[in-house]
Each structure stands twice: as structure tokens, then as C-alpha cells.
Amino acid sequence: MTDVFDELEVAPWNEVSRLHEQLLQQQLDYVVERSEFYRDRIGALRGQVRSLEDLRYLPFTAKDDVRQSLLAKPPLGLHLAAEPSEVVQIQSSSGTTGMPTFVAATKRDLETWNSMGARVFYANGFRPGDWVMHAYAMGRGFVGGLVNIEHLQHLGCAVIPLGAESGTERLLRAIDHLKPRAMCATPSMVAYLGAAAQDVLGKPASELSIRAISVGGEPGGGIPAIRENMEQLWGADVRDMMGGADFGSTYWAECDEKDGMHLCSQGALHVELIDPDTLDPIPISEGATGEIVYTALRREATPLVRYRMGDIVTVSSLDCRCGRTGFKIKTHGRADDMLIVRGVNVFPAAIKDIVMQYAPDTTGYLKIDLDFDGHSTYEPLRLRVEMGKASVRTPEELGATLEGVLRDQLTVRTVIQIVPEGSIERPGAAKEKLLERVGRP
Ligand SMILES: [Zn+2]
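The shown structure was predicted, so the numbers you read here are calculated from the model rather than taken from an experiment. (Residues numbered from 1 in each chain as written. Predicted model: local features only at pLDDT ≥ 70, side-chain atom pairs only at ≥ 80, totals over all residues. Heavy atoms only, no water.)

A short note on the domain arrangement of the protein chain
Okay, so step 1: The domain boundaries assigned to the protein chain delineate domain 1 (1–334) and domain 2 (339–437).
Okay, so step 2: Look at where the C-alpha atoms of domain 1 and domain 2 centre, and you get two points 28 Å apart.
Okay, so step 3: A combined buried area of about 1,200 Å² lies between domain 1 and domain 2, and 69% of that area is made up of carbon and sulfur atoms.
Okay, so step 4: Scanning the region where domain 1 abuts domain 2 turns up 0 salt bridges.
Okay, so step 5: On the surface where domain 1 and domain 2 come into contact, there are 0 residue pairs in polar contact (both at pLDDT 80 or more).
Okay, so step 6: Only α7 (187–201), α8 (224–234) and β13 (328–334) provide two or more residues apiece to the side of domain 1 that touches domain 2.
Okay, so step 7: Across the side of domain 1 that touches domain 2, the residue classes tally to 9 nonpolar, 6 polar and 3 charged. (Domains from an automatic or database assignment. Buried area = accessible area lost by both parts, 1.4 Å probe. Salt bridge = Lys/Arg side-chain N within 4 Å of Asp/Glu carboxyl O. Polar contact = N/O pair within 3.5 Å; in protein donor to acceptor, adjacent residues only side chain to side chain. Helix = DSSP H or I, 4+ residues; strand = E, 2+ residues; numbered from the N terminus. Nonpolar A, V, L, I, M, F, W, Y, C, P; charged D, E, K, R; others polar.)

Some points on the coordination of the zinc ion
Okay, so step 1: For the zinc ion, the full set of protein donor atoms is Cys-255 (SG), His-262 (NE2), Cys-320 (SG) and Cys-322 (SG), at a range of 2.1 to 2.3 Å.
Okay, so step 2: Counting gaps between the donor residues of the zinc ion yields the pattern C-x6-H-x57-C-x1-C.
Okay, so step 3: Exposure remark for His-262: the relative accessible area of 1% places this residue in the buried category. (Donors = N, O, S within 2.8 Å, 3.2 Å for Na, K, Ca; no water. Buried < 20%, exposed > 50% of the residue type's maximum accessible area, 1.4 Å probe, protein only.)

As for the sheet that holds strand β20 (residues 435–437)
Okay, so step 1: A sheet is described by the order of its strands in space; here 4 strands give the open sequence β19-β18-β16-β20, paired in mixed fashion. Each edge of the sheet is formed by a strand with only one pairing partner; in this case those strands are β19 (414–419) and β20. Along the sheet, successive strands turn relative to each other by an average axial angle of 30°, direction set aside.
Okay, so step 2: As paired strands, strand β18 (residues 381–387) and β19 are joined by 6 bridges and run parallel to one another. Bridging across to β19, Glu-386 finds its partner in Val-419.
Okay, so step 3: The strands touched by helix α9 (residues 348–356) are β16 (362–370), β18 and β20; relative to β16, the strand with the most contacts, the crossing angle is about 150°. (Pairing = 2+ DSSP bridges. Axes fitted to C-alpha atoms, helices over the stretch in contact; angles between N-to-C directions. Contact = heavy atoms within 4.5 Å.)

So, the pattern of salt bridges
Oppositely charged side chains can pair when the atoms bearing their charge come close.
Okay, so step 1: Under the definition given, this model contains 29 salt bridges.
Okay, so step 2: A salt bridge links Asp-65 to Arg-41; its shortest N-O distance comes to 3.1 Å. Residue Asp-65 is found in helix α3 (residues 63–72), and its partner Arg-41 is found in helix α2 (residues 36–42); the two are separated by 24 residues along the sequence.
Okay, so step 3: Accessibility expressed as a relative area gives 22% for Asp-65, which makes it partly exposed.
Okay, so step 4: A relative accessible area of 27% means that Arg-41 is categorised as partly exposed.
Okay, so step 5: As a salt-bridge pair, Glu-436 and Arg-384 come within 3.4 Å of each other at their nearest N and O atoms. Here Glu-436 is found in strand β20, whereas its partner Arg-384 is found in strand β18, with 52 residues between them in sequence.
Okay, so step 6: Note on Glu-436: relative accessible area 30%, which makes it partly exposed.
Okay, so step 7: In this structure, a network of salt bridges that share partners links the residues Glu-231, Asp-237, Arg-239, Asp-256 and Lys-258.

Describing the nonpolar core
Okay, so step 1: In this structure, Phe-247, Trp-252, Ile-292 and Tyr-294 are the most contacted members of the largest nonpolar core, which totals 53 residues.
Okay, so step 2: The greatest single-element share of this core, amounting to 6 residues, is contributed by helix α1 (residues 13–34). (Core = buried A, V, L, I, M, F, W, Y, C linked by side-chain atoms within 4.5 Å.)

Digging into the environment of Gly-220
Okay, so step 1: Mapped onto the fold, Gly-220 is located in the loop between β6 (212–215) and α8.
Okay, so step 2: By relative accessible area, which is 5% here, Gly-220 ends up buried.
Okay, so step 3: Distance in space between the C-alpha atoms of Gly-220 and Glu-386 is 18 Å, their sequence separation being 166 residues.
Okay, so step 4: Sequence-distant contacts of Gly-220, that is, excluding residues within four places in its chain, are made with Pro-187, Ile-226 and Arg-227.

Quick look at the packing of aromatic side chains
Each aromatic ring pair is summarised here by two numbers: the centre-to-centre distance and the angle between the ring planes.
Okay, so step 1: Applying the stated criterion across every chain, the model contains 10 aromatic pairs.
Okay, so step 2: The interplanar angle of 75° and the centroid separation of 6.4 Å between the aromatic rings of Trp-13 and Phe-327 together place this pair among those described as edge-to-face. With Trp-13 in helix α1 and Phe-327 in the loop between β12 (307–317) and β13, this pair connects stretches of sequence that are 314 residues apart.
Okay, so step 3: For Trp-13, a relative accessible area of 32% puts it in the partly exposed group.
Okay, so step 4: Among the residues examined, Phe-327 registers a relative accessible area of 6% and is labelled buried.
Okay, so step 5: Considering the side-chain rings of Tyr-251 and Tyr-294, the 5.4 Å spacing of their centres and the 85° angle between planes classify their relative orientation as edge-to-face. Here Tyr-251 is found in strand β8 (residues 250–254), whereas its partner Tyr-294 is found in strand β11 (residues 289–296), with 43 residues between them in sequence. (Phe/Tyr/Trp six-rings, centres within 6.5 Å; stacked < 30°, edge-to-face > 60°.)

Laid out in C-alpha cells, this is it:
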């Protein structure tokens with residue numbers, strides 16, 4: 001028998017599609033009847049959608065549409081489709097600009113979220129009975145907090161919800177004392193804790209009990225140099241996962257093969273791929289690159305149809321030795337984070353990946369100083385990169401080397417300022433921010 005949390009994960013893909021087609025019909029009827037937002041938006045088009053392919057006739061829902069909907073009818077928006085009394089939980093999505101977005105769930109929505117989340121953590125190597133140190137931020141309604149805890153409990157794990165806010169020392173001492181086998185956190189938190197163990201506990205993190213680590217919340221887990229650093233520090237298996245607050249927490253996960261994240265949202269979210277420029281659908285095939293578009297298939301409280309979360313991905317594989325039939329993706333980051341330097345698309349995570357490969361000459365910490373408005377510039381990109389204490393190069397050599405490699409590999413021109421170890425603020429409990437808005441030079 002294949003080792004998965006849920007048999008639907010290994011069902012033939014045409015069976016999954018049939019299920020999605022049937023759920024889509026029910027969901028569209030539901031949103032047109034119950035959500036003011038979607039009644040106006042797709043009520044007249046509803047009859048045209050008979051198959052999953054027909055979804056293309058419906059308009060997209062953008063992040064800004066959701067923001068406008070929330071403002072137009074507080075507190076939960078025009079798109080709310082359940083009675084407020086049926087809502088049992090309200091989460092907040094981090095929101096890159098100003099106002100946080102609120103996401104509501106009914107009891108059944110939580111069950112749907114948990115079905116996806118438990119598949120994710122199982123694929124990441126967690127098992128019922130495992131003790132799990134939870135080191136994502138717990139505050140501000142962030143779904144990495146409470147929602148991940150609910151997923152882990154649904155899977156049957158024992159959760160230790162200390163959260164990132166507990167701080168390095170408390171987290172490391174608790175791991176040393178309780179000896180959990182598993183941990184979940186952002187990649188920057190995992191790397192930071194791993195590096196601090198020797199100072200705090202007098203022994204390396206690899207001598208602690210953690211053997212399975214699930215990372216998410218920011219890009220990095222799937223980048224070879226970042227994964228290797230974490231695996232070496234902890235002597236543990238590190239796997240990536242991904243999702244977003246609008247549909248729970250997490251619904252993509254790496255399996256034992258660790259070469260791309262499987263779709264884990266069968267029966268809950270239908271996924272399309274589109275060209276972010278022309279907005280045309282792209283068939284899901286090996287090597288296809290595009291932006292993910294999500295449609296919730298059984299969402300009661302705040303349903304979304306054809307929602308553009310902004311993740312740009314490449315389909316890395318349609319099948320896998322593990323038996324899961326959900327296709328696998330590699331992520332390039334959020335479209336929101338993407339920079340355009342002289343017309344070339346550059347993802348900050350890709351820059352970080354290259355800088356990390358130069359450890360220990362660098363510590364891997366860097367900032368991209370944005371001295372321009374928006375995301376597009378014709379000037380070289382200005383970077384601050386931290387030099388490691390153990391570096392055998394001079395700052396001048398290191399800067400010139402990195403500028404050359406970034407130009408060759410990413411076709412991006414940079415001006416790099418090398419700064420001493422410790423001068424770039426560590427992310428600690430927060431997500432690592434690679435971009436910093438600065439004044440013009
Ligand atoms: Zn697999």
C-alpha cells in the first residue's frame with residue numbers, strides 16, 4: 001500500500017477531475033445563491049460553466065477585489081456566503097500592503113482545511129504520534145500559527161505550540177528538554193535556531209532530537225543551498241511546503257523524493273495555471289510555467305472563484321515514485337516580490353540562493369535596497385551582503401565575484417556592498433525580508 005494520509009492522493013487523476021467537476025457545479029450554485037459579490041460577478045455567466053475547462057469564462061478574483069469587498073461590506077466582505085453565526089474562526093492574511101485581509105471559516109471549512117494540511121505534513125514526513133515543536137509565529141491571526149496546529153492535531157501529532165515569539169533560547173531549551181522528533185517553522189527560523197544551538201545549549205543542533213523538519217511561510221525550503229544548510233545544522237530531513245491564508249494554510253508539499261511540491265488539495269481546491277501576462281490558461285504539463293489560480297470547491301464562509309494569489313510556479317513532474325498523483329511544482333516566488341531589472345524578471349529568492357552558495361565567505365544574509373518606486377528599474381540592483389568571519393577573501397574580491405555570478409546566472413547587474421557579519425538584522429520570529437525600501441542614492 002502506498003504511504004499517504006488520504007487515499008484520494010493516489011487516485012487516478014481523471015477520477016480527481018471528475019470529483020472536481022461535480023464539486024465545482026455545487027460550489028458555483030452555492031456562491032451565486034449565497035454570496036452577494038459572486039451573484040453580481042458571475043450570476044449571469046453561471047450557465048456557461050459545464051466543465052472544469054469552462055472556468056475560463058469566469059472573471060478572476062484579484063487580491064484587490066477581496067480588499068474592496070471587505071471595505072464595501074465590513075466586517076467579512078460582500079463575498080461572505082455563510083451566516084456570521086456559522087463562522088467559527090477568523091484568520092488574517094499577512095497582506096503585503098497595509099490593511100490585513102480577514103478570512104472566515106465554518107466548522108466544515110476547518111475540516112476541509114485540515115484534510116489538506118494533514119496530507120501536507122504527512123508528505124513532509126510527520127506521522128501520527130510524533131511530537132512536533134511548532135515555531136511559526138503565533139500572533140496576528142497568521143495561519144502558520146493556529147491553523148497549522150489544527151492540521152497537525154488532525155494528523156494525530158502532539159503539538160508543542162511555543163511559537164516563534166518564544167525566542168531562540170526558550171525554543172532551543174524546550175527542544176532539548178522535551179525531545180520532539182519533528183519541527184515546523186520558516187526556513188530562516190530553522191537556520192537561525194540551528195546556528196544558535198551551540199551558544200545556547202553548548203552543543204550543536206545535530207545532537208538534538210529533531211529528525212524531520214517541515215518549512216514554509218517563505219521561499220527557501222526547496223532551494224538546494226538553503227536546504228543543505230538546514231539539514232547539516234540539524235542532522236535532519238528538511239522538506240518544503242506552501243499554501244496561503246486565503247484557503248487555510250498549506251496545500252503543496254514535498255514527499256520523500258524532495259524534488260518539487262505535490263498538489264495536496266484534491267477535493268478542496270481546483271488549480272489552474274495561467275500566463276500572468278495574457279491571462280490565458282496554460283495546460284498543466286511537465287515544464288509548464290505560469291501563475292496559479294485557485295477555485296475553492298467546498299468553501300462555505302468566504303469562498304473564492306478563480307483567485308489569483310500571485311505564485312509563479314513551474315510544473316516539475318506529473319507523476320512520482322511515491323505514488324501520489326497530484327502534480328509537482330517548483331515555486332519561483334510571489335509575483336508581488338518579483339523585480340524587473342532592465343526588463344529581466346528577478347526573484348529575490350534566486351539571489352539569496354546564489355549568495356548562500358558562497359558560505360562561509362558570506363553568512364547568507366543580504367538586503368536588496370530598493371532605491372526606486374515600484375518593482376522595475378533600469379539601474380543596477382543595489383545589494384548589501386554580509387561577509388562571514390571565516391571568509392578567506394577580501395571584501396572587494398567577494399563583491400566582485402558575486403556581481404559576476406549574479407550577472408552570469410540571473411542576467412542581472414548588481415552593485416554589491418559587502419558588510420561585516422552581524423550588521424544585517426536577523427529575522428528572528430518574523431519572515432525574512434530581502435527587500436528594503438531606501439531613499440534614492
Ligand atoms: Zn512524491
